[in-house]
Amino acid sequence: MSSAPLLLRLVANSVSISHRVGNIVRDIMKKGELGIIDKGGKNDFQTEADRSGQRCILASLHRMFPKVCLFGEEEEDGNDQVPADWIVGEMSEDVLRHKLPAQYANVKDEDITVWVDPLDGTAEYTQGLLDHVTVLIGIAVKGEAVAGVVYQPYFNYQAGADAALGRCIWGIIGLGSFGFEPKSPPEGKNIITTTRSHGTRAVVEAVEKCEPTDVLRVGGAGHKVLLVLEGKAHAYVFASPGCKKWDTCAPEAVLHAAGGKLTDIHGNKFQYGPTVQRRNTGGVLATPTVEAHKWYLDHIPQDVKDTLPRS
Ligand SMILES: Nc1ncnc2c1ncn2[C@@H]1O[C@H](COP(=O)(O)O)[C@@H](OP(=O)(O)O)[C@H]1O
Ligand SMILES: [Mg+2]
Ligand SMILES: [Mg+2]
Ligand SMILES: [Mg+2]
C-alpha cells in the first residue's frame, strides 16, 4: 500500500481505473451490442458502456476508499455483479511519482466528493463519432474541483489499424495537468466549440454573439475542454442548463490546473459538494486562460443569461 497522501492515491487509482474503463468501452463497441436505453430527454441515451463503466469505477473506488462520497451519472440498475477483473486496485506510478501540493496534504475522506461520468458523449458514441467520447472522474475537496481524470478511449482511432488507442489526461490544481500537449489557439481566429446534439436557440445565440470565425459542434463536455486545452478552440460556450456536475468536475479541474478557467455563463464558480443540485443551470463557459474568459462573459447577451439561473 502506498504511503502517499489520500488525494494523490485517489487520483492515482482513478487514472488506473480509467484505463480499465477504456478497455470496457472499446470492447462493448467491438462486440456491437450497445444495449441503448433512451433516458427520455433530448438525445439522452444510456448504453452498456455507460452502465458497465460506472460499475467498474464506483466498485473500484468504493473498495479502495470506502469513506469517500461518490456520485455517478447513471442510476443503479440493480445489477451489483461486478466481475473481479473490473475491480482495479492499482495506482498509476505516473501519478504517484509526483509530490502532492502542500495545501492538500491533510485532505480527509469526508472532505472529498467524486463525480463520475462513465461515458461523456454517449449520443456520439452511439453514432460512431468515437473520439468525442471521454471517461470523466472529477474530485472535489470541500466543494471545489481540485483534481480530474479525462480518459479518451478512441484517441488516435483515425491513425490506422496499428495505432495504440486511448490516452489519459489528468491534473491536480497546484501541480499541473499531464497527458497532452498544451498549445495556444491560433491568433487572428476565434474558434468556438459547443454542443452538436443539445442545441437550443439560446445556445446558438450565445455562440453567435461571441463573434466566432469558426464553430466546432462536437460531442462531450470532456472532449470540448480538451479542444480548449490543445489550442483547437478559443472557448467552449454552452448557454444551456443541460450539463451536470459529473460533466464539468473533471474537465474543470484539469483546465484550472493548466491555467484555464471554467465557470457558468455568469462567471460563477461551480460548487461540487455532496448536497449541490446535479444540474449546472447556469450553462458552461471555458477558456484556456483566465484573461480570455472575461471577453466571452461580456459578449454573452444579458437576455440569454437571464434564461439560465445561476448555478
Ligand atoms: N439538454 C440536455 N439533456 C441531457 N443531457 C445533456 C443536455 N445538454 C447536455 N447534456 C449532457 O452534457 C454532456 C455534454 O453535452 P454535449 O455533448 O451536447 O455538449 C453530455 O453528457 P453525457 O453524454 O455523459 O450524457 C450530455 O448528455
Ligand atoms: Mg448521459
Ligand atoms: Mg457527460
Ligand atoms: Mg455520461
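What counts and what doesn't
- Residues numbered from 1 in each chain as written.
- Chains lettered and ligands numbered in written order.
- Predicted model: local features only at pLDDT ≥ 70, side-chain atom pairs only at ≥ 80, totals over all residues.
- Domains from an automatic or database assignment.
- Contact = placed C-beta atoms within 7 Å.
- Helix = DSSP H or I, 4+ residues; strand = E, 2+ residues; numbered from the N terminus.
- Nonpolar A, V, L, I, M, F, W, Y, C, P; charged D, E, K, R; others polar.
- Pairing = 2+ DSSP bridges.
- Axes fitted to C-alpha atoms, helices over the stretch in contact; angles between N-to-C directions.
- Expected span 1.5 Å × (residues − 1).
- Buried ≥ 20, exposed ≤ 12 C-beta atoms within 10 Å, placed from the backbone.
- Near = placed C-beta within 6 Å.
- Core = buried A, V, L, I, M, F, W, Y, C linked by C-beta atoms within 7 Å.

## Considerations on the domain arrangement of the protein
- Taken domain by domain, the protein comprises domain 1 (6-178) and domain 2 (191-305).
- Taking only C-alpha atoms, the centre of domain 1 and the centre of domain 2 are 21 Å apart.
- Each partner contributes residues to the interface: domain 1 has 40 residues there, and domain 2 has 27 residues.
- Counting residues per element, the ones that place at least two in the side of domain 1 that touches domain 2 are β3 (69-72), β4 (112-120), α4 (122-126), β5 (134-141), β6 (144-152), β7 (167-172) and β8 (176-178).
- It is β6 that contributes the most residues to the side of domain 1 that touches domain 2, eight residues altogether.
- Partitioned by chemical class, the residues of the side of domain 1 that touches domain 2 number 21 nonpolar, 13 polar and six charged.

## Details of the sheet that holds β7
- Strands sit in the order β3-β4-β5-β6-β7-β8 across an open sheet of six strands; the sheet is mixed. On the outer flanks of this sheet lie β3 and β8, each paired with one strand and no other. Between one strand axis and the next, the sheet turns by 15° as a mean value, whatever way the strands run.
- Pairing between β5 and β6: seven bridges, direction antiparallel. Residue pairing in the sheet places Gly-138 in a bridge with Gly-148 of β6.

## Re the sheet that holds strand β10 (residues 214-217)
- Taken together, five strands build an open sheet; the order of strands is β10-β9-β11-β13-β12 and the sheet is mixed. If you trace the sheet from one side to the other, it starts and ends with β10 and β12 (261-263), each paired once. Between one strand axis and the next, the sheet turns by 20° as a mean value, whatever way the strands run.
- In this structure, strand β11 (residues 235-238) lies alongside strand β13 (residues 284-287), joined through three bridges in antiparallel fashion. Bridged to Phe-238 within β13 is Val-284.

## A few points about helix α2 (residues 48-64)
- Here α2 is 17 residues long and its end C-alpha atoms lie 24 Å apart, about the 24 Å a rise of 1.5 Å per residue gives.
- For α2, a buried count of 13 out of 17 residues is recorded, marking the element as mostly surrounded by other parts of the structure.

## Re the pairing of β13
- Neither face of β13 is left uncovered, since the one carrying Val-284 and Ala-286 and the one carrying Leu-285 and Thr-287 both have all their residues buried.
- Where β12 lies against β13, three bridges are found, and the strand directions are antiparallel. Paired with Leu-262 across the two strands is Ala-286, which belongs to β13.

## Quick look at the site of ligand 1
- Looking at ligand 1, there are 19 residues lining it, with Thr-122, Thr-195, His-198, Gly-219 and Gly-242 nearest.
- Take the shell around ligand 1: its biggest share by element is three residues, from β4.

## Regarding the nonpolar core
- In terms of nonpolar packing, the biggest core is built from 89 residues, with Val-11, Val-146, Val-225, Ala-235, Val-237, Ala-253 and Val-254 touching the most fellow members.
- Take this core: its biggest share by element is 12 residues, from helix α1 (residues 6-31).
- Two domains each provide a minimum of three residues to this core, namely domain 1 (6-178) and domain 2 (191-305).
- Among residues more than four places away in sequence, those in contact with Val-237 are Ile-192, Thr-194, Ala-206, Val-207, Cys-210, Leu-285 and Tyr-296.

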